[in-house]
Structure formats: structure tokens, C-alpha cells
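# Coordinate analysis (summary)
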Amino acid sequence: MTEPRPTGDRAQVVVTGLSAVSAYGRGVAALSAGLRSGRPAFAPVTRFDVSGRRVGVGALLPGAPVLLDELLAVVDEAAASAGLSAAQRATTGLLLAVHGEPDGARGLPDRPGRTGAFTLTVAEKAGLSGAVRTYTSACVAASTAVADAAAAVAAGDADRLLVAAGYLVDPDQFALFDAGRALAADGAVRPFSAGRKGLLLGDGVAAVVVESARAASARGATPLVRLLGWGRAGDGYHVVQPRPDGAGLARAIASALGRAGLAPEQIGYVNAHGSGTAQSDAAESAALLRALGPHASEVPISSTKSLHGQALEASPLLELVATVLSLREGFLPVNAGYLGPDPDCPLRVLTETTAAAPAYALSLNAAFGGANTALVVGAP
């Protein structure tokens, strides 16, 4: 099998630390156990009143978690797992993907002339540098942040960056998705399956340390995975509907594979966007067929949204962590809720958790407005 080809003098990019919070609990061990169980984390919503809603199910943490607190915890855990000292943290910038203005942003110190007050506050409280950037670009926000971090590290503009993302299910977004009939009335997310009814929202908070292999080696850190390729492309087709032929997502996949120097046949697992909606899943299937050719019907595919739910801007980072766990721990998560094949989705969908240790994996995301991202990771 051919190893990825470095592009010019660009630095190799690795992930050296990660953390996550989901409805399965706090920490990557909880997420790993939940993914391995194959048991979806959906349950009746009790955080706020859903009595007037069409659907009352989601994948939520118990109680009333505060986004700022959860973000600070995952950032600290990711930095600690990467082995970053206080001095190294102080020179590490933060790229943060969040949904709109988080509740925790209200009442924070006023920063005249500065944007991203919430992100600056997270960075300051976490002991990171003041070099920050905020991403709110719907369901590709976190993956766009990862791509930007990887590009900066590869170009030598930074030794390392910390990417974090967070979304806790709130009553406003829940009401909007419910009113738009996007939520699955049967209480299950069934990506690429016949009879799928829609998506379900879920809590997601995650963080990863993106670093050059050289910098990691210099401080004796062990890479968890290599971040080999990233690609982004837009469709410009419709405000909320995906382009049916998947051309934009296919371009993002091709770009990520080209940057990684990999052939489609070398991808051993796809963590799909897989929202569970009829149009989105069909368009993603078309994109995979365009980009991967015959390999699209052979490579194992699943969407972990069927287990932990759709965490909006934060979902791509939660799914990237899930993909890293798959490569590191030798298992491929089930595509839960599958009822049977859909002719519009001729893919090799995983109907059970599977033991496997692929060398390379692809993580895909798409968003309203026609934005598409693809990330390629490889075992170290």
C-alpha cells in the first residue's frame, strides 16, 4: 500500500490530543464505550418543555450543563492528553466552532472593537494564547476549523493549534427543526436506510490538538493520528437543500484525497455526514459514487449521528474524534437504525459494530448553503 506523498516542503500534520462530551457522558472513554455498544443515546428531552412539539426526543446530557464550563473541560483534557505544558498552552491559538451567541457569552466582559468575545474568554480561562478565530458556519463549522488549523500548521504558520467546538441542545433550535419537520418522528436516526424519517439533535462538545509532526517529536509527544488531507467545496444550489448529484461534496473528497496523496481504494472507512434525511443521504451517496467510484459500494460506511445525534456546528469535531477512536481502537461504529437498503443509497452500510483497523479513514460533513468538507486521517 502506498504511503501518502508529502506536498513540497509542507509539514506533516498530526493530532496529539483530543477530548469529547456527548450524551454518552464526559470524556473519550465514555464516547468510545457508547459507540462500541451500538446503542443510540436518544431519550425523551427533559432539559426544557417539549410538550407542544411534534417530536420530544434527543441525545442530551442530564441536568443543565453550561457550554462555557463544558468547553473549558474538554480544552483542558485535550491539552493534557497532548502533554502540553502551561508554557506551550500559552503559545497555542484557539479555533472555536459554536452556534450563534452561546448563553454563556452574555454578561462576559465587554471588548470594544473585538469580535469573538466568547472565544477570547475560553482561550483566556484555558491558558491559551489570544490568537483566536470563531466559526459559526452551520454543520461544517468545526471541520472548517480543523482544515484551517491543518493548513496553518502544514504551511509553518503555527507549530500547533487547538480546535474546539460545542453545542448543547437548546429550545429555540429544537423548535425550529421540529417546526420544519426535520426531526425524526419515530425517534430514531436511520442514515442511508429505507424508511428514514429525519435527524435528531444531540449535545456535542469536543477539542483536538493539531500539531506539526516535527513539533510533536521535539517535545516527545506521540501522535494519535495523522491529519493527511482536507478539502472544502461549495454547491451554491439551494439555501437548505443539497445538490442532488453531490458534485460539491465530491470535489471536497477529491481535494482531500489529492492533498493526502491517496487513491480512493486506500480509504478503509467513511464516517459519513449521514443526517438521516431523505435528500441529504441520497446526495451524499451520489457524492461518494462520484468521488470514490466502485469503491464507494465496497468501503464500510456509517454515520455516528445515528448514535450521538446532530450537534450542529460541533458535530464534525465529535465525529472526527469518533473516527480517531475507530482507527486507534480497531472498531467501526454501527450505522444504527438501519431498516433496509434504499436504491438511492447503494453503499456498504455497517449494520453492526465491526472489528477492523483501517489505515485511512474519511470524515465527511455538509451544511445548509451548500458547504461541504472532507477530512482524511491515517493511523500513525
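Residues numbered from 1 in each chain as written. Predicted model: local features only at pLDDT ≥ 70, side-chain atom pairs only at ≥ 80, totals over all residues. Heavy atoms only, no water.

## A closer look at the packing of helix α2 (residues 67-81) against helix α4 (residues 117-126)
For the pair α2 and α4, the least separation of the axes is 10 Å and the interaxial angle reads 45°. Compared by their axis directions, α2 and α4 come out oblique. Judged by the twist between their axes, the crossing of α2 over α4 is right-handed. When α2 is examined against α4, the residues L67, L68, L71, L72 and V75 are found in contact with a partner set consisting of F118, V122, K125 and A126. Taken together, the residues that form the contact of α2 with α4 break down as 8 nonpolar, no polar and 1 charged. (Axes fitted to C-alpha atoms, helices over the stretch in contact; angles between N-to-C directions. Helix = DSSP H or I, 4+ residues; strand = E, 2+ residues; numbered from the N terminus. Parallel < 35°, antiparallel > 145°, perpendicular 65-115°, else oblique. Left-handed = near helix turned anticlockwise from the far one by under 90°. Contact = heavy atoms within 4.5 Å. Nonpolar A, V, L, I, M, F, W, Y, C, P; charged D, E, K, R; others polar.)

## Things to note about the pattern of salt bridges
This model, assessed by the stated rule, comprises 15 salt bridges. Connected through shared salt-bridge partners, R133, D148 and R232 make up one network. (Salt bridge = Lys/Arg side-chain N within 4 Å of Asp/Glu carboxyl O.)

## Comments concerning the confidence of the model for the protein chain
On average, residues of the protein chain score 93 in pLDDT, and 94% of them reach the 70 mark or higher. Counted against residues more than four places away or in other chains, residues 104-108, with its pLDDT under 50, gives 6 contacts. pLDDT under 50 marks residues 111-115. Its contacts with residues more than four places away, or in other chains, come to 7 contacts. (pLDDT = per-residue confidence, 0-100.)

## Overview of the packing of aromatic side chains
Across all of its chains, the model carries 1 aromatic pair by this definition. Plain terms: the ring middles of F48 and F174 are 5.6 Å apart, the flat faces sit at 70° to each other, and that makes the pair edge-to-face. Pair noted here: F48 is in the loop between β3 (43-44) and β4 (57-58) and F174 is in helix α6 (residues 171-179), with a separation of 126 residues, a long-range link. Each member of the pair, F48 as well as F174, is classed as buried. (Phe/Tyr/Trp six-rings, centres within 6.5 Å; stacked < 30°, edge-to-face > 60°. Buried < 20%, exposed > 50% of the residue type's maximum accessible area, 1.4 Å probe, protein only.)

## Comments concerning the side chain of R89
Position of R89 relative to the elements: it lies in helix α3 (residues 86-90). Side-chain polar atoms of R89 contact the backbone oxygen of A126, separated by 2.8 Å. (Polar contact = N/O pair within 3.5 Å; in protein donor to acceptor, adjacent residues only side chain to side chain.)

## So, the nonpolar core
Residues V163, L201 and L317 are the most contacted members of the largest nonpolar core, which totals 76 residues. Excluding anything up to four places from it in sequence, L317 contacts A142, V146, V163, A164, A165, A206, A207 and V208. A250, A252, A291 and L364 belong to the second-largest nonpolar core, a separate cluster that totals 29 residues. (Core = buried A, V, L, I, M, F, W, Y, C linked by side-chain atoms within 4.5 Å.)

## Things to note about the environment of G116
Tracing the chain through its elements places G116 in the loop between β5 (93-98) and α4. Using a relative accessible area of 25% as the deciding quantity, one classes G116 as partly exposed. Linking G116 and L94, residues 22 residues apart in sequence, is a C-alpha distance of 11 Å.

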